[in-house]
Amino acid sequence: MKTKLLALALLLVLLSAPLAQVVYAEEPTGGDDAGDGTDGDGAGDDTNGDGDDGGNGNIDPFVYQQIKEDTEARWWNLYYLYTGQQGDGDDGDGDGDDGGTGEYDGPEIPEDLDPELRNQLMNAWMEMKQAAEMEGENLQTAAQQHLRVMKILRNTWRKYQKDNPDIVDDTTEPPDETGDGGEDDLPPDPTEAELTDIQEQLVKRFQERFRESVTAMFQFYNDVEGDLDPDDAMKAYNALYHTEKKLLQIQERIYAGDFEGTIDDLEEAGSDLDDEYGDMDDPQSAQLFRTATKLQAKIEKMIEKKERKEAQGEDTSGEDDLINQLRGNVDKAKNDHKENKGKGNDNSNGNGKDKEKKPKKEKD
Amino acid sequence: MFMGPMGRTFFFIAFLSLSLSTIPLSWAQEDYTPVSLTFTLYSDGTARTEYLVASDALQARIEVEIFGPPYNHLVIRDDEGNPLVYSTEEANVTVDSLGALELTFTYLTMSLTTKEGIVWTFNVSTPVSTRIKLPEGAAIFDMSDIPTDIGVDGSRQYIVLEPGDLSVYYMIGLPDVEREAQEALTEAESHIGDLESMGYVLTEARSILSQAQGLYDSDQYVESKNRAELAVKTADETVEDAVNAYGDIGRASEAVSRASSDGRTDGLAEAQSSLEAASTYYSEGNYAEARTYALQAYQQAATAVAPKSNSLLYAGILLLAGLGGGGYYYMQRIKAKEPPSGVPVDSSQAREVNLDLIFWHHQDLRLEDKEVIRFLAGSNGEAFASEIRDRFEIPRSSAWRLIRRLVNNEIVEERKIGNQSLVRVRDKYLK
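Residues numbered from 1 in each chain as written. Chains lettered and ligands numbered in written order. Predicted model: local features only at pLDDT ≥ 70, side-chain atom pairs only at ≥ 80, totals over all residues. Heavy atoms only, no water.

Considerations on the nonpolar core
Here's step 1: Ranked by size, the top nonpolar core spans 93 residues in total, and within it A:Phe289, B:Phe39, B:Tyr51, B:Phe105 and B:Phe122 carry the most contacts.
Here's step 2: Counting 40 residues, the second-largest nonpolar core is a separate cluster that includes B:Leu202, B:Val232, B:Ala271 and B:Leu275. (Core = buried A, V, L, I, M, F, W, Y, C linked by side-chain atoms within 4.5 Å. Buried < 20%, exposed > 50% of the residue type's maximum accessible area, 1.4 Å probe, protein only.)

Printed below as a string of C-alpha cells:
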C-alpha cells in the first residue's frame with residue numbers, strides 16, 4: 001500500500017511538473033493592482049515572478065543598475081505627467097505626505113490627483129525603496145522588484161490614459177526618426193534574374209561537394225568495414241553506391257544546362273541516403289555513417305571555401321584548423337565505434353556466422 | 001523489485017509521463033540550429049528581424065520557422081552572402097540552402113508589435129537568446145524577464161533576453177519637459193526682442209525671462225517653462241500699458257494746448273510739468289506712472305482758468321508762448337516714436353475698402369486677420385480697437401497683437417482718439 005501511495009504521489013508530481021511554468025506565468029503583480037479593471041493584458045505580461053530564485057542570482061550588476069534607472073525614470077516621467085510638477089530625478093526629499101500609510105517619503109503628490117493614481121504612485125515609490133534595500137542581499141530579487149514597479153506604473157498609465165484621452169493624445173507625437181519603417185536600413189532585394197543565376201551556381205557546387213563527400217565516404221567505408229556486421233556493411237556500401245549513381249545522373253543534367261528539378265533530386269538523394277543508413281541493423285553503425293557523412297559534407301564545404309580564399313590570396317589558416325578538427329572528429333567517431341564493437345557491444349545476432357559473410361555489393 | 005503489479009503500473013505511467021514531457025525537446029531537433037536573433041524596432045511598429053541559423057552542409061533544402069508572419073522584404077543569404085531561393089507558408093520558410101553552413105534571414109514584420117496609447121508592446125516566442133533594439137527615443141516600460149544584457153547601441157536602447165515567450169513594453173513620445181522649457185525660453189526671447197525693437201521698454205518681462213533662464217540652468221525645467229510663459233504675458237501687458245499711456249499723454253497734451261489757446265493759464269504750468277513727467281516716465285518704460293501723470297496733466301489742464309488782471313494776462317501770454325514751445329518740443333518727441341501720420345478722421349466721408357487688393361498683396365494673412373479686415377471694410381474702413389475686441393470676442397492682448405500685425409503689414413494705421421485706439425484701413429487700399 002505504501003508503495004502504491006508513493007507511486008501515486010510521484011505520478012502526480014510528474015504530471016503536474018509541466019504546469020509549473022503556466023502557474024508561474026500567471027502570477028499577478030501582488031497587492032499592487034491599480035484595480036481599475038484594466039489590469040492583465042494577456043500572455044507574457046508578467047515577469048517570472050517573485051524574485052525567489054534562491055540565492056543571489058547571476059544578474060550582472062550593470063544590468064541591474066540599468067533596470068533600476070529605467071524604473072526610476074518611468075516613475076518620474078509619470079509623476080510629472082500626472083501632477084504637472086517637476087520630475088528632475090531627485091531622490092525624494094521626504095516632503096511627501098504619507099497618504100495615510102505612514103511610509104511614503106517621496107516627493108509631494110497633490111491631493112487633487114486621482115486617489116487611485118496617487119496610491120499607486122506611492123506604492124511604486126515604496127516598492128522601489130524596498131528594492132534598493134534588497135540590493136545588498138539579492139540583486140536578482142531586487143531586479144524582479146523593479147520589474148514589479150514597472151507593472152504598477154503601467155497599470156497607472158492605463159487608468160490615466162482611459163481617464164485623460166485628450167492629454168494622452170498630446171503626448172503621442174513620436175519623435176522624428178530617419179528610416180522610420182526600417183526599409184531604409186535594408187539592402188535592396190535581389191532580383192529574380194540574380195537569384196536564378198546564383199542558384200544555378202550553388203546547385204552545381206553542391207552537387208560536386210556531395211559527390212566528393214560520397215567518394216570520401218567510400219574510403220571511410222573501407223576503413224570501418226571490418227568493424228561492421230556484414231549485412232550492415234553491405235547496406236552501407238549500397239547506400240553510398242546508389243547515392244553516387246544518382247549524383248552522377250544529376251551531374252549529367254547540370255552539365256547539359258538542365259537545372260529543372262535538380263534541387264528536388266539532390267534533396268531526395270540526401271534523404272534516400274539517410275533512409276538507407278537507417279535500414280542498417282545496428283543503430284550505432286547507422287549513426288556512425290550518418291555522422292561521418294555530415295562531417296564529410298562539412299569538410300568538403302570548408303575545402304571549397306579554403307580554395308576560394310587561396311585563389312584570392314587570403315589567409316586560410318582558420319579553414320585549415322577547422323578541416324583538421326572535422327577530420328579528427330571523423331577519426332574519433334570511427335575509433336569510438338571500433339572500441340564499442342571491441343567491447344562486444346554489437347547488435348548482430350551473435351551466432352558468429354554473419355562475421356564471415358562478405359557484403360554483396362550491387363553491380364551497375 | 002519489491003513492488004507489486006499495481007506499483008509497477010504506476011511507475012510505468014510515471015515514466016511514460018516523464019518521457020512525454022520531453023517530447024517538445026525532441027521536436028526541437030530540426031535540420032537547423034538557431035544561433036542568434038535580433039529585432040530592431042521602429043517608431044511605426046515595424047520590427048526588422050535578423051535571424052541566424054546554423055544549417056547542415058548535406059541539406060539541399062531546409063524548412064525554418066521564422067517569427068511574425070506576414071513579413072516584407074524577406075531575404076535569405078548563405079554564409080557567403082549569396083541570396084537564396086525560398087518559398088513561404090505562414091511562419092515556415094522552405095529554403096534552397098544547398099549545403100549552406102549558415103543562413104541569415106532578414107525581413108520586416110509589423111505583427112509582433114501592438115500599441116495602446118503611447119505604450120507599445122512587443123511579443124515574440126524565440127528559441128534563442130534575443131536582442132531587441134528599441135526605436136529611437138523609446139523608453140522601456142516593462143519586460144517579461146530580467147535581461148542578460150542591457151545598454152545603448154547608437155541612439156537606440158537594447159536589451160538581450162533569454163529564449164522563451166518574450167514581452168517588452170516601451171513608450172515613445174514621453175513629454176520632454178527639458179525640450180519644452182527650451183522652446184518656451186526661445187519663444188519668449190524672440191517675442192520680447194521683437195517688442196523691444198519697436199521701442200518698448202520691457203524691464204519686468206526681461207527680469208522674469210532672466211529668472212526662467214536661471215531655472216533652466218539649474219534643471220528646473222517645468223518652473224523655467226512657466227516663467228518663460230509669464231515673461232511673454234508680462235511683456236504683452238506692458239505693451240498694452242504703453243499703448244494706453246501713449247494715448248493718455250496725447251490726450252493730456254491736447255488738453256494743455258487747448259487750455260493754452262483758450263488763455264486759461266492759471267494752473268497751466270502744473271499741467272505742463274505733469275505732462276513732462278509723464279513723458280519722462282514713458283521714455284523710461286514706467287508706463288503706469290506715465291499714465292498717472294498724464295491723467296493728472298489732463299485734469300490740471302482741464303481745470304486751468306484765465307487770469308483776472310492785465311499783468312496776469314501778459315504773464316499768461318508769456319506762459320502760453322512757453323507752453324507752445326514746450327508743446328511743440330513734446331509733439332516732436334511723440335512724432336518721432338509714432339508711425340507715419342494718419343489720415344484725418346472724417347466719418348462723413350465714404351471709405352470703400354478694396355478687399356481683393358489687400359488679399360492679393362498679402363496672401364499669407366491669417367484667417368482671423370482676414371476676418372478683421374472684412375469687418376473693417378464693412379465699417380467704413382475703420383473701427384475702434386474695442387469694437388474689434390467686442391466683435392470677435394478676443395482678449396485685449398490678442399487684439400493688440402492682431403492689430404500690430406495689420407499695422408506692420410501696412411494694411412491699417414492706428415490713431416488715438418481720446419482714450420480710444422482707432423484702426424483704419426490705409427488709403428492705398430481704398431477704392
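There's plenty left to go through after this.
Thoughts on the sheet that holds strand E6 (residues 92–95) of chain B
Residue and element names in this part refer to chain B.
Here's step 1: On the basis of which strands lie adjacent, the open sheet formed by three strands has the order E3-E6-E5 and antiparallel pairing. Of all the strands in the sheet, the pair left with one neighbour each is strand E3 (62–65) and strand E5 (86–89). Taking the axes of each pair of neighbouring strands and ignoring which way they run, one obtains an average angle of 25 degrees across the sheet.
Here's step 2: Two elements, E3 and E6, share four bridges in a ladder whose sense is antiparallel. Directly across from Val-64, in E6, lies its bridge partner Val-93. (Pairing = 2+ DSSP bridges. Helix = DSSP H or I, 4+ residues; strand = E, 2+ residues; numbered from the N terminus. Axes fitted to C-alpha atoms, helices over the stretch in contact; angles between N-to-C directions.)

Structural notes on the confidence of the model for chain B
Low-pLDDT portions of the prediction should not be read for the details of their coordinates.
All names here are of chain B.
Here's step 1: Averaged over every residue, the pLDDT of chain B is 83; residues scoring 70 or more account for 82%.
Here's step 2: Across chain B, the element-wise mean pLDDT spans from 36 in helix H2 (residues 23–27) up to 96 in strand E10 (residues 130–133).
Here's step 3: Predicted confidence is poor over residues 11–29, with pLDDT under 50, and the contacts of this stretch with residues over four places away or in other chains come to 11 contacts. (pLDDT = per-residue confidence, 0-100. Contact = heavy atoms within 4.5 Å.)

What about the pairing of strand E7 (residues 102–109) of chain B?
Residues and elements named next belong to chain B.
Here's step 1: Counting buried residues in E7 gives six out of eight residues, a clear majority hidden from the surface.
Here's step 2: Bridge count for strand E4 (residues 71–78) against E7 is six bridges, and the pairing is antiparallel. By the bridge assignment, Tyr-71 is partnered in E7 with Thr-109.

Some remarks on the packing of aromatic side chains
Here's step 1: Counted according to the given criterion, the structure contains 25 aromatic pairs over all chains.
Here's step 2: Taken together, a centroid distance of 5.1 Å and an interplanar angle of 65 degrees make the contact between B:Tyr71 and B:Tyr107 edge-to-face. Of the two residues, B:Tyr71 sits in strand E4 while B:Tyr107 sits in strand E7, which places them 36 residues apart along the sequence. Of the two residues, B:Tyr71 and B:Tyr107, neither departs from the other in class, the shared state being buried.
Here's step 3: Relative to B:Tyr170, the ring of B:Trp120 lies with its centre 6.4 Å away and its plane at 5 degrees, an arrangement referred to as stacked. Placement of the pair is B:Trp120 in strand E9 (residues 119–126) and B:Tyr170 in strand E14 (residues 164–172), with a sequence separation of 50 residues.
Here's step 4: Classification of B:Tyr170 as buried rests on a relative accessible area of 0%.
Here's step 5: Through pairs of rings, three or more aromatic residues link up here, namely A:Trp75, A:Trp76, A:Tyr79, A:Tyr104 and A:Trp125.
Here's step 6: Positioned above the aromatic ring of B:Tyr298 is the side chain of B:Arg251, whose terminal nitrogen or guanidinium carbon lies 4.4 Å from the ring centre. (Phe/Tyr/Trp six-rings, centres within 6.5 Å; stacked < 30°, edge-to-face > 60°. Lys NZ or Arg CZ within 6 Å of the ring centre and 35° of its normal.)

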